[in-house]
Amino acid sequence: MRFFLWLLALMAAAIGIAVTARFNPGNVVLFYPPYRIDLSLNFFVVLMAALFLLLYAVVRAVRATMRMPARVAEYRQRKRERDGNKGLRDALKALFEGRFGHAEKAALRAAELPENAGVAALIGARAAHRMRQHARRDQWIARIADDPAMKTARLMTMTELLVDDHQPEAALAAVRELNASGTRHIHALQWSLKAEQQAKNWPEVLRLVRSLDKHKALHPALSARLRELAYNDLLSDKTHDAESLMRVWSTIPSNDRVKPVVACRAATALNGRGLHDEARLVAEESLKANWDERVIRAYRDAAAPAGSAALLAQIEHCEAWLLERPNDAELALTLGSLCLKQKLWGKAQRYLEQALSDATEPPMVREAHLKLAQLHEALQQPEAAASHYRQCALATIL
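About the cut-offs
- Residues numbered from 1 in each chain as written.
- Predicted model: local features only at pLDDT ≥ 70, side-chain atom pairs only at ≥ 80, totals over all residues.
- Heavy atoms only, no water.
- Helix = DSSP H or I, 4+ residues; strand = E, 2+ residues; numbered from the N terminus.
- Rg over C-alpha atoms; globule rule 2.2 N^0.38 Å.
- Buried < 20%, exposed > 50% of the residue type's maximum accessible area, 1.4 Å probe, protein only.
- Contact = heavy atoms within 4.5 Å.
- Areas by Shrake-Rupley, 256 points an atom, 1.4 Å probe, with all protein chains shown as cover.
- Lys, Arg positive; Asp, Glu negative; His and termini not counted.
- Charge placed at Lys NZ, Arg CZ, Asp CG, Glu CD.
- Axes fitted to C-alpha atoms, helices over the stretch in contact; angles between N-to-C directions.
- Parallel < 35°, antiparallel > 145°, perpendicular 65-115°, else oblique.
- Left-handed = near helix turned anticlockwise from the far one by under 90°.
- Phe/Tyr/Trp six-rings, centres within 6.5 Å; stacked < 30°, edge-to-face > 60°.
- Lys NZ or Arg CZ within 6 Å of the ring centre and 35° of its normal.
- UniProt positions renumbered as here; feature names shortened; annotations may be inferred.
- Core = buried A, V, L, I, M, F, W, Y, C linked by side-chain atoms within 4.5 Å.
- Patch = residues over 30% accessible without salt bridge, like charges linked within 9 Å, V, L, I, M, F, W, Y side chains within 5 Å.
- Salt bridge = Lys/Arg side-chain N within 4 Å of Asp/Glu carboxyl O.

(A) Quick look at the overall build of the protein. Across its full length, the protein holds 20 helices and 2 strands. Against the globule reference of 21 Å for 398 residues, the protein gives a C-alpha radius of gyration of 46 Å, more extended than a compact globule. The buried share of the protein, reckoned over its 398 residues, is 36%. Sequence-distant contacts, at least 24 apart, represent 52% of the contacts inside the protein between residues at least 6 apart. Surface summary for the protein: the accessible area is close to 24,000 Å², and the carbon and sulfur share equals 60%. A distance of 14 Å separates the average location of the 55 positive side-chain charges in the protein from that of its 44 negative side-chain charges.

And the structure:
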């Protein structure tokens, strides 16, 4: 519709100009002695219009010529931007596809554009790291070392790559620099946890696990496993004496103390330092909450001295537990061992033979035969003792 309106207006203007020119008797005289030029007004108007168009074209040509260098520079800049952005897209695509060589080459093209240099350096560093080209990875990182806008991204990338490369000390140095800048977000804590775990800095691992648990940033199973690993290492430290071991135990929350893995390690460590009373208490508390054969074994190793009230209490506890678990071979072996120490020969033989009949694992069979051999030896029954010693030796060989 608009086109037809313009066409109509042009036709009307042409008709008006034609009618006006037909009935226009005016003349224009150009006089420059001794010359004289007579022109009709219509021709003069047409001549002026043509002259105007000519001058306009000349001015446009001059302006275009003067602006040519700037336009060429703008064109080249746009081309660089197009090539740089395309290189960045190609680098990301190749990185996600696992084509790390292509990703690094595309990152080189993308880095030619200053605006993309920082992100391209991070992509190139990750690609080089995946190809185990650590020197090139460090060169990429060094490119943006002085760029404050990329500091957080650079340090996070360094932490992740160094943890993956099993360099916990270098990774923790990057984390400390990141924390010094005031940046403390969940992802940084997660990578710090991995670095501390590799460095076996278990107190810090526990602190980070508690912090991440508050933000619900760890799966409960992973959190529990990390706690168990940390407690296991702390309690297994051979440098602890009895006092320092008890200090470590006092720092463990009560809900973690009753877990079988933690309780078993703690009871074993306490037994190793002669703290049998404390070991028995740890095992009993754990068994009340969670029954576990490993804790029963530690409870057996924490047997009180013969004739003591503590040993009798242990026997009573085991008899009560055996009523609830009549087919538990480990418990029967423990009860038989305690009765043997208390010189309750009949009970000891009955429970040890029960353990032997229910036992399925060679170590348990071996220990049951050994205890029965010691029992018969104490009862002056050398033939029965020798038989059990032979069975113990055979179980050891098998």
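Here the narrative resumes.
(B) Structural view of the packing of helix α14 (residues 276-289) against helix α15 (residues 293-301). Look at α14 against α15: their axes get within 9 Å of each other, and the N-to-C directions meet at 155°. On the basis of the axis angle, α14 is roughly antiparallel to α15. As α14 runs across α15, the sense of the crossing is left-handed. Touching H276, R280, A283, E284, S286 and L287 of α14 are V295, I296, Y299 and D301, all from α15.

(C) Main features of the packing of aromatic side chains. For the coordinates displayed, the defined rule picks out 3 aromatic pairs. Summarising the aromatic geometry, the rings of F52 and Y56 are spaced 6.5 Å apart at their centres and angled 20° between planes, so their arrangement reads as stacked. Here the residue F52 and the residue Y56 both occupy positions in helix α2 (residues 41-97), the gap between them amounting to 4 residues, near one helical turn. Given the relative accessible area of 44%, Y56 is considered partly exposed. What links up through ring pairs into an aromatic cluster is the set W291, Y299 and W321. In this structure, K194 is placed above the aromatic ring of W191, and the distance from its NZ or CZ to the ring centre is 4.2 Å. Residue placement shows R325 over the ring face of W291; its charged tip is 4.0 Å from the ring centre.

(D) Region of the structure containing the UniProt feature "domain: HemY N-terminal" (unreviewed entry) in the protein. Mapped onto the present numbering, the UniProt feature "domain: HemY N-terminal" (unreviewed entry) falls on residues 26-131. Structurally, residues 26-131 is divided into 77% helix and 11% strand, and its ends, taken at the C-alpha atoms, are 89 Å apart.

(E) Up close: the nonpolar core. With 61 residues, the main nonpolar core has L193, L235, W249, C318, W321 and L335 as its most contacted residues. Here this core takes 8 residues from helix α17 (residues 329-341), the largest share from any one element. Counting 20 residues, the second largest nonpolar core, distinct from the first, contains A94, A110, I123 and A128.

(F) View of the environment of N232. By secondary structure assignment, the location of N232 is in helix α10 (residues 220-236). You can call N232 partly exposed: its relative accessible area is 28%. Between the C-alpha atom of N232 and that of W202, which follows or precedes it by 30 residues, the distance is 9.6 Å.

(G) Here's a closer look at a nonpolar patch on the surface. On the surface, a nonpolar cluster with roughly 840 Å² of combined accessible area is contributed by F43, L47, M48, L51, L54, L55, V58, V62 and M66. L54 gets classed as exposed once you look at its relative accessible area, which sits at 52%.

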